[in-house]
Amino acid sequence: MLGTAFVHGSPSWLDLGSPDTDATAAFYGAVFGWHFVSAGPEAGGYGFFELGGKTVAAVGPLTEEGARPAWMVYFSTDDAQATAQAVTKGGGTVRAEPMDVMGEGWMGQFTDPGGAQFAIWQPGRTKGLGKTSEDDTLVWVELMADDPVASIDFYGSLFGWRSQEMPTPGMTYRVLSTADGDIQDASFGGVAPSDAVPHAEEVPARWIPYFAVADAAATVAKAEAAGGSVLMPPTDLPDVGTIAWIADPHGAPFAVLKPAPMP
């Protein structure tokens, strides 16, 4: 599971592009209890979701022409410029060249060869999220990919990720880990075929954040009451826990996970 000792290649930041940040803040506040804090007038409407005084995600207005509401996963990098060069060399696309974000760190945004968008963060004053792997915070990230093996090869060339196959009913799931340390302790996410989830046409190749919850069914009920829709109802997975997929009122998909008890 995720921690906050961010190393090269680990998920370190998460934000959401929204056409209505006030409505979005109200929705996620109702679902997870998050509190929105503006980053200030110079930030163009960008702000932070906090829980217990710690940043757990961020949100801002859509800025790219034709962009759809979606969560963006950022991966920590030791060298933003070198990672951008590796993206191009590996067949990906640079959507936003690395830039200094007011001394907080360096950000770059890309699209992988399979069409999934992602971003990088080279830490400055801000290392990353303030809280993860607790209830109502980021606990896992998952790539929906048409060609999982090719996608793993691409990201491996950027971050040195390792992967392990985990047989799952109807598909092969691949668990991702950062480059160093025990492979299980260093795991942070996985890769699944893009048609593995119902309503797959609504979830093209992309990164999906999973948020830990105390009760998946109760969280789904709160999301529906706040205007969200269910893409996949709560489903029990052996040795994993209970997962559900939800789309917020503007259509951005995310997932929740009630982890199985530790053995």
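The written sequence of each chain sets the order in which its residues are numbered from 1. In keeping with the model being predicted, local features are shown solely for residues with a pLDDT of at least 70 and side-chain atom pairs are shown and tallied solely at 80 or more, while totals for entire chains, interfaces and linings include all residues. Note that water and hydrogens are dropped before the side-chain values are worked out from all heavy atoms of the structure.

A.B. asks: Before we go on, may I ask you to explain the sheet that holds strand β10 (residues 162-168) in this structure?
C.D. replies: In sheet architecture, strand pairing relies on hydrogen bonds along the backbone and comes in two forms, parallel and antiparallel. Taking strand neighbours across the sheet as the criterion, the 8 strands line up as β10-β11-β12-β9-β13-β16-β15-β14 in an open arrangement whose pairing is mixed. Looking at the sheet topology across the chains shown, the edges are occupied by β10 and β14 (229-237). Between one strand and the next, the sheet's axes are offset by a mean angle of 25°, whatever the strand orientation. Both strand β9 (residues 138-145) and strand β13 (residues 206-212) contribute to a ladder of 6 bridges, which runs antiparallel. By the bridge assignment, Trp140 is partnered in β13 with Tyr210. For two strands to count as paired, DSSP must find a minimum of two bridges between them. Every helix listed is a DSSP run of H or I at least four residues long, and every strand listed is a run of E at least two residues long, numbered separately from the N terminus. Between the N-to-C directions of two axes lies an angle of 0 to 180 degrees, each axis being a line fitted to C-alpha atoms and, for a helix, fitted only over the stretch in contact.

A.B. asks: Could you clarify how one ought to interpret the pairing of strand β16 (residues 253-259) in this entry?
C.D. replies: Along any regular strand, the residues point their side chains to alternate faces of the sheet. Relative accessibility under 20% of the residue-type maximum defines a buried residue, over 50% an exposed one, and the middle range a partly exposed one, all with a 1.4 Å probe and only protein chains included. Burial runs high along β16: 5 of the 7 residues are buried. Alignment of β13 against β16, held across 3 bridges, turns out to be parallel. Opposite Phe211, over in β16, you have Val256 as the bridge partner. The sheet contact formed by strand β15 (residues 241-247) and β16 spans 7 bridges and is antiparallel. Its bridge partner lying in β16, Ile246 is registered against Phe254. From the end of β15 to the start of β16, which pair antiparallel, there are 5 residues, and Gly251 there has a positive phi angle of about 100°.

A.B. asks: Sorry if this is basic, but what is going on with the pattern of salt bridges here?
C.D. replies: Opposite charge on two side chains allows them to pair when their charged atoms are near. By convention in these notes, a salt bridge is any Lys or Arg side-chain nitrogen within 4 Å of a carboxyl oxygen on Asp or Glu. Taken as a whole and judged by the stated rule, the model has 2 salt bridges. We note a salt bridge from Glu165 to Arg174, for which the minimum N-O separation is 3.7 Å.

A.B. asks: What should I look at first to understand the packing of aromatic side chains in this one?
C.D. replies: When we look at a pair of aromatic rings, we describe it by the centre distance and by the angle of the planes. Whether two aromatic rings pair depends on their centres lying within 6.5 Å, for rings of Phe, Tyr and Trp, where Trp uses its six-membered ring; planes under 30 degrees apart make the pair stacked, over 60 edge-to-face, and the rest tilted. Under the definition given, this model contains 33 aromatic pairs. Ring geometry for Tyr28 and Trp71: centres 5.4 Å apart, planes at 85°, overall edge-to-face. One end of the pair, Tyr28, is in helix α1 (residues 21-32); the other, Trp71, is in strand β5 (residues 70-76), with 43 residues separating them in the sequence. For Tyr28, a relative accessible area of 0% corresponds to the buried category. By relative accessible area, which is 5% here, Trp71 ends up buried.

A.B. asks: Would you explain the side chain of Thr83 in this entry?
C.D. replies: One can find Thr83 in helix α2 (residues 80-89). Other than its neighbours up to four places away in sequence, Thr83 contacts His8, Thr77, Ile120, Leu158 and Phe159. Between two residues, a contact is recorded if the distance between any of their heavy atoms is within 4.5 Å.

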